[in-house]
Amino acid sequence: MHRKRFNLPPLDFIQGFEAAARTLSFTKAAEELFITQSAVSRQIRSLEEHLGVPLFERRPRSLGLTDAGRALQRTSVEVLERLQEATDRLRTEGAAPHLTVTTTGGFASLWLIPRLRKFTALYPDVDVRISASYKTVDLERNLVDVAIRYCAGDEAPDGAVRLFGEELFPVCSPVLLTEGAQPLRDIAGLAHHALLHMDEARDHMDWDTWLAAHGHAGLRPSASIRFDSYEQLIQAALSGQGVAMGIGRLVSGLIAEGRLVAPFGEAATGTRSYFVIRSAISGGRPHVGAFVTWVTQEAEAALANEGRGMPSSPPPAARSGGAKRPARSTR
């Protein structure tokens, strides 16, 4: 006789437990689930009998979770959230193609979103969702169609398509060059200004590495400000709060508009590139393929625009001369 693959309690029991564990109240869980308090109590009792362990500490005026209850709560929240995402997605796909793209906040806000209306104009029926995160997500597990990741070539998975590499150089608001007690004239002048950093900066945005490569190891700025996202860092540079390490193809539009300037120095060649990656589950769908083709063509167009004078690296007048230097790894 074949055994069932899964020996699980009914889903209603798990939903009742999750609500009670989150609110620490059978009454509040019952109100949320539109059932009676006694029904929630029976669900929890049946679930405990199924598992053979108590899940709650029942006190005279309060409710608490046991160690087993806390363990089940973590798992039940994850499973219910994933099941909800899957069912929501299946509902929406019946009405319109759904496209979820994950990428860093910096790439999303500075490069992708300014161009995205071109894609939506070409494919108005595609429901696009941009998930901006600096965490690497599992595409299949999280039901994401496409990822655009900034990583070293040997870290890109099989099948990844390279969009472009990067050049790195300091950028700031034009006001820092002309205003204040110490206008920024050269690299040594950074000692009179704040340097803007990313938290847990990797080698491609490490100020110490860049300063050492340009003969100013040990330079101490007047202040250091740290951010946990690149878009926050660039916003601080735009508002004149300090000097940021610019990722060339993300800040090129702001330089072209005159909102940022690259005040000095050579561009360092970054150790990373942007890659577009498809989900193994949904990557073959026509609208997903259309997005990958579109974003690849946009990257090619951006590279072509550089050849026609649009900046991704410091304009020639801002450079001090010399060849580009590779950014040295700090790892």
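In what follows, the accompanying structure is described. (Residues numbered from 1 in each chain as written. Predicted model: local features only at pLDDT ≥ 70, side-chain atom pairs only at ≥ 80, totals over all residues. Heavy atoms only, no water.)

**Comments concerning the pattern of salt bridges**
Definition in use: We define a salt bridge as a side-chain nitrogen of Lys or Arg found within 4 Å of a carboxyl oxygen belonging to Asp or Glu. Secondary structure is summarised from DSSP: a helix means a run of H or I of at least four residues, a strand means a run of E of at least two, and numbering begins at the N terminus for each. Note on classification: 1.4 Å probe, protein chains only; a residue is buried when its accessible area is under 20% of the maximum for its type, exposed when over 50%, partly exposed between these limits.
Throughout the structure, instances matching the rule amount to 11 salt bridges. Taking the shortest distance from any N to any O, the salt bridge between Glu 32 and Arg 22 comes out at 2.6 Å. Highlighted residues: Glu 32 in helix H2 (residues 26–33) and Arg 22 in helix H1 (residues 11–23), separated in sequence by 10 residues. Note on Glu 32: relative accessible area 36%, which makes it partly exposed. Relative accessible area serves as the criterion here: at 42%, Arg 22 is assigned to the partly exposed category. Notably, a salt bridge pairs Arg 272 with Glu 155, separated by 4.0 Å at the nearest N-O pair. With Arg 272 in strand S10 (residues 268–278) and Glu 155 in the loop between strand S5 (146–151) and strand S6 (161–171), this residue pair connects regions lying 117 residues apart in the sequence. A relative accessible area of 41% means that Glu 155 is categorised as partly exposed.

**Some remarks on the pairing of strand S9 (residues 244–247)**
Put simply, the rule is: Any two strands are treated as partners once DSSP identifies two or more bridges connecting them.
Of the two faces of S9, both are covered, the one formed by Ala 244 and Gly 246 as well as the one formed by Met 245 and Ile 247. Where S6 lies against S9, four bridges are found, and the strand directions are antiparallel. From the neighbouring strand, Phe 169 faces S9, where its bridge partner is Gly 246.

**Some words on the nonpolar core**
Using the following cut-off: In this description, a nonpolar core means a group of buried Ala, Val, Leu, Ile, Met, Phe, Trp, Tyr and Cys residues linked to one another through side-chain atoms lying within 4.5 Å. Here, two residues are considered to be in contact whenever any of their heavy atoms come within 4.5 Å of each other.
By size, the foremost hydrophobic cluster in this structure holds 58 residues, and its most contacted members are Leu 190, Ile 234 and Phe 291. Sequence-distant contacts of Ile 234, that is, excluding residues within four places in its chain, are made with Leu 110, Ala 244, Val 251, Leu 254 and Leu 260. Listed in part, the 17 residues of the second largest apolar core include Ala 20, Ile 44, Leu 55 and Leu 80.

**Examining the pairing of strand S4 (residues 127–132)**
Definition in use: A right-handed crossover is one whose linking path, passing over the helix from the first strand to the second, runs clockwise when the strands point away from the viewer.
The pairing of strand S3 (residues 98–103) with S4 spans six bridges and is parallel. By the bridge assignment, Thr 103 is partnered in S4 with Ala 132. Once the chain exits S3 it traverses helix H5 (residues 105–122) before rejoining the sheet at S4, and the crossover so formed is right-handed.

**Focus: helix H8 (residues 230–238)**
Among the residues making up H8, those that are buried are Tyr 230, Leu 233, Ile 234, Ala 236, Ala 237 and Leu 238. Buried residues in H8 make contact with H5, S6, strand S7 (194–198), strand S8 (223–227), S9 and helix H9 (248–256).

**Topic: the side chain of Glu 298**
Position of Glu 298 relative to the elements: it lies in helix H10 (residues 286–307). By relative accessible area, which is 12% here, Glu 298 ends up buried. The residues contacting Glu 298, other than those within four sequence positions of it, are Trp 111, Arg 115 and Lys 118.

**A look at the packing of H1 against H2**
To keep things clear, this is the line we draw: Whenever a helix is involved, its axis is fitted only over the stretch in contact; in every case the axis is a line through C-alpha atoms, and angles between N-to-C directions fall within 0 to 180 degrees. Orientation categories follow fixed angle ranges, with anything under 35 degrees roughly parallel, anything over 145 roughly antiparallel, 65 to 115 roughly perpendicular, and all other angles oblique. Handedness of each helix crossing follows the sense of rotation of the near helix against the far helix: counterclockwise by less than a right angle gives left-handed, clockwise gives right-handed. Only Asp, Glu, Lys and Arg are considered charged, only Ala, Val, Leu, Ile, Met, Phe, Trp, Tyr, Cys and Pro nonpolar, and every remaining residue, Gly among them, polar.
Where H1 contacts H2, the two axes come as close as 8 Å, and the packing angle between them is 130°. If you check the angle between H1 and H2, you find them oblique. Pair H1 / H2 crosses with right-handed handedness. Side by side, H1 and H2 meet where Gln 15, Gly 16, Ala 19, Ala 20, Arg 22 and Thr 23 of the first sit next to Phe 26, Lys 28, Ala 29, Glu 32 and Leu 33 of the second. For the contact of H1 with H2, the per-class residue count stands at five nonpolar, three polar and three charged.

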